[in-house]
Amino acid sequence: MVHASPYDHSTSNAANQDQNPFLVKKQPTKCRDPVFAVLLYANVAAIIGVFIKYGTNPLATTADQQQDQQQSNGEVVVENDYTGVIYSSIATAGFAAVLSAIMLQVLMCIPGILIKVALLFNVVLAGLAAVAGFLSGNFILGIFGAIFFAIMVCYAKFVWDRIPFATANLKTGCTAIRANCSVVFLSYIFTALACGWSILWSLAVAGIQDTLITCVDQPTADGTGTTTVCTDPNYGIFFLLFISFFFTHQVLQNCVHTCVAGVVGSWWFTPESSGFCSSAVFGSFLRTMTTSFGSICFGSLLVAIIQALRQIAEQARQNDDVGQLLACCIDCILSCIQSIIEYFNKWAFVYVGVYGYGYCEAGKSVIQLFKDRGWEAVIADDLVGMVLFFLSLIVGLVTAGVGVVLVKTTDLWADFAPGEDAAMIFAGVIGLIIGLVLCSILMSTIASSVNTSIVLFADAPGEFEKNYPELSREMRQAYTAAHPGCL
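Everything numeric in this text was worked out from a predicted model, so none of it was measured.

Turning our attention to helix H14 (residues 324-355). For H14, spanning 32 residues, the distance from its first C-alpha to its last is 46 Å, which sits close to the expected 46 Å at 1.5 Å a residue. The positive-phi residue at the C-terminal boundary of H14 is Gly356, with phi of around 80 degrees.

With that settled, consider the pattern of salt bridges. Summed over all chains, the structure comprises 4 salt bridges. Salt-bridge contacts for Asp161 lead to Arg162; the nearest nitrogen and oxygen are separated by 3.3 Å. A relative accessible area of 17% means that Arg162 is categorised as buried. Put simply, Arg310 and Asp331 hold a salt bridge, and the shortest N to O gap is 3.0 Å. Taken together, the residues Arg310 in helix H13 (residues 293-318) and Asp331 in helix H14 connect sequence positions 21 residues apart. The exposure class of Arg310 is partly exposed, given its relative accessible area of 23%. On the basis of relative accessibility, which here comes to 26%, the residue Asp331 falls in the partly exposed class.

With that settled, the discussion passes to a nonpolar patch on the surface. There is a patch of nonpolar side chains on the surface, built from Phe134, Phe139, Ile140, Ile143, Phe144, Ile147, Phe148 and Ile151 and spanning about 830 Å² of accessible area. Looking at the nonpolar patch, the element that brings in the most residues is helix H7 (residues 139-159), giving 7 residues. Residue classification places Phe144 among the partly exposed positions, given a relative accessible area of 47%.

The topology assignment puts Thr409 in helix H16 (residues 376-409). A distance of 2.7 Å separates the side chain of Thr409 from the backbone oxygen of Val405, its partner in a polar contact.

Take H7 next. If you check H7, its first and last C-alpha atoms are 30 Å apart, about what 21 residues at 1.5 Å a residue would give, namely 30 Å. Listing the buried residues of H7 in full gives Gly142, Gly145, Met152, Ala156 and Val159. Buried residues of H7, viewed axially, fall in a sector of 130 degrees; they line one side. In H7, the exposed positions that point more than 90 degrees away from the buried face belong to Phe139, Ile140, Cys154 and Lys157.

Cut-offs and rules
Residues numbered from 1 in each chain as written. Predicted model: local features only at pLDDT ≥ 70, side-chain atom pairs only at ≥ 80, totals over all residues. Heavy atoms only, no water. Helix = DSSP H or I, 4+ residues; strand = E, 2+ residues; numbered from the N terminus. Expected span 1.5 Å × (residues − 1). Salt bridge = Lys/Arg side-chain N within 4 Å of Asp/Glu carboxyl O. Buried < 20%, exposed > 50% of the residue type's maximum accessible area, 1.4 Å probe, protein only. Patch = residues over 30% accessible without salt bridge, like charges linked within 9 Å, V, L, I, M, F, W, Y side chains within 5 Å. Areas by Shrake-Rupley, 256 points an atom, 1.4 Å probe, with all protein chains shown as cover. Polar contact = N/O pair within 3.5 Å; in protein donor to acceptor, adjacent residues only side chain to side chain. Arc of directions from axis to C-beta.

What follows is the structure in structure tokens.
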């Protein structure tokens, strides 16, 4: 019996060659899973309502507070000048954006080398952790480091011959993003929305904190003063608030992933629709925010519930309402469940973005994908994720260095009260965070593009061969090298 490969480009299925897989699988235009979209809208509206009625205004200061800022114990207080923070943040953000774009070009030129370097970097890092543990006398760290080192060595040996296939997928994903680069700006917009939501939620919760926790002033042990002790948290309200917070964040994150999947799908099947601010980007964004929005909310809510349960378990542990061991076991189990659902969602939302499936229909397609593909999709995705994080880390570290250089070579931080050493640390941390975040946003679009390429190479290899013969040839050769005789 001859088994057909999921990557078979031969003409054995001639009856299906005339059928465009996109036209066959594309779903009718209608809103999918609308109930969950309504839940998201209600969630946002509820938090806005709480903020309007109970929220705190962080910019408002009373006359007494202003006076306290001017005088403390009869002495004038010297306030920090944060001009350096503002200008350094702007400068490092601009540098990180440029460096991230350069890294994308480097990634396009030598993807295979970077994947190998990132893989070896993880092996060396585990080895260094083991050596550091034994040399410092921390044998537990040394033993765990040695175990992880052995695991990473075995993993590297196992996946080494799969690197060319991951390289071809990475190159394809980068090409698709570069052809529709405006989708990256959508990622930054959604990131800004996520920051805004975090601020709004925090201010709303701050306004109702008295109903969440009972706080009383108790004398200190030495009897010289009082301390505030908070007890009896309302876990029911906390659970709903945590769901609210994580639900919206998950939706914003998955909207980007789904939008990128739709853009790559258009690039794959209709190359003429690609371009900066193209119809592919606009159409995918419109579908993501309308007909597919309910499906995105469906999958996001599942993860949000697990995340909220983990936060409740952590709060219960901190308040000694459950034992340390039990809380640790609960968190471990929930963490595993969360990882499984998030990984499942990553592939399901590709089908949502490309074909317009509902969440449940997309889930069935994911199961079929892994039946056909086995571990190949997991390995390619893991190797690509490894190199993308490696590049983000490089950008973060270099940007941190730029922040330190700004302190040493300019007068931006001259009036920073804690001194130059503190300013260097502060500027370095700011640069690291900004570099990591900005590059990670760009790299997340690459990761989504690569996942979509993996799916579409299994679903529609013929269209890939017709529209992008060179990329298709590279991917076919890489897969044949890893699995001789399959194509």
